[in-house]
Amino acid sequence: MTERDITMGLFTKGASEYRKGLKAEEAKDFKTAVSLYEESAKKGYALGCYKLAVCYSEGLGVVQDYRTALSWAKDAEALDIDGEIEDGVGLYWRLEKKVHDLDLAEQRAAKKAAEKAAAEAKSAEEEANEKALIRRSEEEFPYEKYPPEEFSDIAFELYKAGEYEKALGIFLRYAVGGVAQGQYICGLMYQGGEGAKESKERALYWMEKAAMQGIPEAQYECAMMQTKLDPQIEWLTKAYKQTSNQEIREKAGARLKRLGVSVENL
């Protein structure tokens, strides 16, 4: 028996279970080893706690669990008064960092999930409000009473008079029906908070629909609303190539040049 064996207290409570655990681990019987290390640890044996921490850290005989591993590593450090366990402190700090990183990852995931849920709830509310606007518009301006060709004139007159909600109701009817210009106008009204609460999401939703139907002004607006470079360049390029509006062409071209895109060959 060496001096270190005496120091580590091989004849103290938990030592026997610890040694049996070592033999089981050497035989690759990790489940038995974990059971024995746990018996040792519960009797207050530092090495038993340490080996249990290692098993939980590496998933040997148990489901990998860094938090449980850290708990046993803390006990091992507290019980190892003389600091005889090699890598005891090192294991503790590695697990501390691992658990810290896990906590941060879980917090980020929870925040992302909450943001997604909030965005979905907001989208559902805005869609419901749109349906309500359309329903009120259909009641006030029924197709039976007003010829379809008059609707746009009515909508613009309402807009000029500051009746934004009623105007938006009519434009939404056009937009839902697939009319690109109506979709573009709805996008503009959501951008400015006219007729409904300002909403970047609904503005982009209707702008993209209009842009996909080839409205250059909508394509340019879509580009300006993007947070990523590639879709911004894509919409600017379409606006630059398709528009007959010189102002839009110049603005799109200038923006593309600032983004490092040569417009000479477009």
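Residues numbered from 1 in each chain as written. Predicted model: local features only at pLDDT ≥ 70, side-chain atom pairs only at ≥ 80, totals over all residues. Heavy atoms only, no water.

### Considering the overall build of the chain
Point 1. When its secondary structure is counted, the chain shows 13 helices and zero strands.
Point 2. Each helix and strand of the chain, ordered N terminal to C terminal, gives the series α-α-α-α-α-α-α-α-α-α-α-α-α.
Point 3. For 266 residues, the compact-globule formula gives about 18 Å, and the C-alpha radius of gyration of the chain, at 34 Å, lies well above that figure.
Point 4. Its C-alpha atoms put the chain at 100 × 50 × 30 Å along the principal axes.
Point 5. Classification of the 266 residues of the chain by burial places 39% in the buried group.
Point 6. Across the chain, the fraction of contacts at a sequence separation of at least 24, relative to all contacts at a separation of at least 6, is 48%.
Point 7. Total accessible area computed for the chain in this model is approximately 15900 Å², and 51% of it derives from carbon and sulfur atoms. (Helix = DSSP H or I, 4+ residues; strand = E, 2+ residues; numbered from the N terminus. Rg over C-alpha atoms; globule rule 2.2 N^0.38 Å. Buried < 20%, exposed > 50% of the residue type's maximum accessible area, 1.4 Å probe, protein only. Contact = heavy atoms within 4.5 Å. Areas by Shrake-Rupley, 256 points an atom, 1.4 Å probe, with all protein chains shown as cover.)

### A closer look at the pattern of salt bridges
Point 1. According to the stated counting rule, one finds 13 salt bridges in the structure shown.
Point 2. Between R67 and E106 there is a salt bridge; the shortest N-O distance is 3.1 Å. With R67 in helix 5 (residues 66-79) and E106 in helix 6 (residues 88-140), this pair connects stretches of sequence that are 39 residues apart.
Point 3. You can call R67 partly exposed: its relative accessible area is 35%.
Point 4. The partner of E130 in a salt bridge is R202, and the shortest N-O contact between them spans 3.0 Å. (Salt bridge = Lys/Arg side-chain N within 4 Å of Asp/Glu carboxyl O.)

### Section: helix 6
Point 1. Compared with the 78 Å implied by 1.5 Å per residue over 53 residues, the 78 Å span of helix 6 between its first and last C-alpha is a close match.
Point 2. Of the positions making up helix 6, those classed as buried are G88, L91, Y92, L95, V99, E126, E130, A132, L133, I134 and S137. (Expected span 1.5 Å × (residues − 1).)

### Some words on the nonpolar core
Point 1. By size, the foremost hydrophobic cluster in this structure holds 30 residues, and its most contacted members are L52 and W72.
Point 2. Looking at this core, the elements that each hand over two or more residues are helix 2 (15-26), helix 3 (30-42), helix 4 (46-58), helix 5 and helix 6.
Point 3. Ranked by the residues each element gives to this core, the list is headed by helix 4, at nine residues.
Point 4. In this structure W72 touches A41, K42, C49, L52, A53 and Y56, once residues within four positions along its chain are discounted. (Core = buried A, V, L, I, M, F, W, Y, C linked by side-chain atoms within 4.5 Å.)

### Considering the side chain of S40
Point 1. Locating S40 in the fold gives a position in helix 3.
Point 2. Looking at S40, its side chain comes within polar contact range of the main-chain oxygen of G14, at 2.7 Å. (Polar contact = N/O pair within 3.5 Å; in protein donor to acceptor, adjacent residues only side chain to side chain.)

### Details of the environment of C186
Point 1. Locating C186 in the fold gives a position in helix 9 (residues 180-192).
Point 2. Note on C186: relative accessible area 0%, which makes it buried.
Point 3. Once residues within four sequence positions are removed from consideration, C186 is found in contact with L168, F171, L172, A175 and W206.

### A look at the state of the cysteines
Point 1. Using the criterion set out here, one finds zero disulfides in the structure.
Point 2. Here C49 stays unpaired: no disulfide links it, and the sulfur of C55, its closest cysteine neighbor, is 12 Å away.
Point 3. Judged by its relative accessible area of 1%, C49 falls in the buried class.
Point 4. C222 takes part in no disulfide bond, and the closest cysteine sulfur to it belongs to C186, at a distance of 14 Å.
Point 5. The class of C222 is buried, set by a relative accessible area of 0%. (Disulfide = S-S within 2.5 Å.)

### Digging into the environment of E38
Point 1. Along the chain, the position of E38 falls in helix 3.
Point 2. Since its relative accessible area comes to 27%, E38 is described here as partly exposed.
Point 3. Taking the C-alpha atoms as reference points, E38 and W72, 34 residues apart in sequence, are found 9.6 Å from one another.

### As for helix 11 (residues 216-225)
Point 1. Three or more residues of helix 11 are buried, namely P216, A218, Q219, Y220, C222 and A223.
Point 2. On its buried face, helix 11 sits against helix 9, helix 10 (200-212), helix 12 (229-242) and helix 13 (246-258).

### Quick notes on the packing of aromatic side chains
Point 1. For the structure shown, the criterion picks out nine aromatic pairs.
Point 2. Note on Y205 and W206: the rings are 4.9 Å apart at their centroids and 80 degrees apart in plane angle, and the pair reads as edge-to-face.
Point 3. Counting every residue linked through ring pairs, the aromatic cluster contains F141, Y143, Y146 and F151.
Point 4. A cation over a ring is seen here: R173 above Y143, with NZ or CZ 4.5 Å from the ring centre.
Point 5. Over the ring of Y240 we find R249; its NZ or CZ atom is 4.0 Å from the centre of that ring. (Phe/Tyr/Trp six-rings, centres within 6.5 Å; stacked < 30°, edge-to-face > 60°. Lys NZ or Arg CZ within 6 Å of the ring centre and 35° of its normal.)

### Regarding a negative patch on the surface
Point 1. A grouping of E149, E150, D153 and E157 is seen on the molecular surface, where their side chains present a negatively charged patch.
Point 2. Relative to the assigned elements, E157 resides in helix 7 (residues 148-160). (Patch = residues over 30% accessible without salt bridge, like charges linked within 9 Å, V, L, I, M, F, W, Y side chains within 5 Å. Lys, Arg positive; Asp, Glu negative; His and termini not counted. Charge placed at Lys NZ, Arg CZ, Asp CG, Glu CD.)

### Things to note about the side chain of T243
Point 1. You can see T243 is positioned in the loop between helix 12 and helix 13.
Point 2. In terms of polar contacts, T243 uses its side chain to reach the backbone amide nitrogen of N245, at 2.8 Å.

Read these as spatial facts, not as claims about activity.
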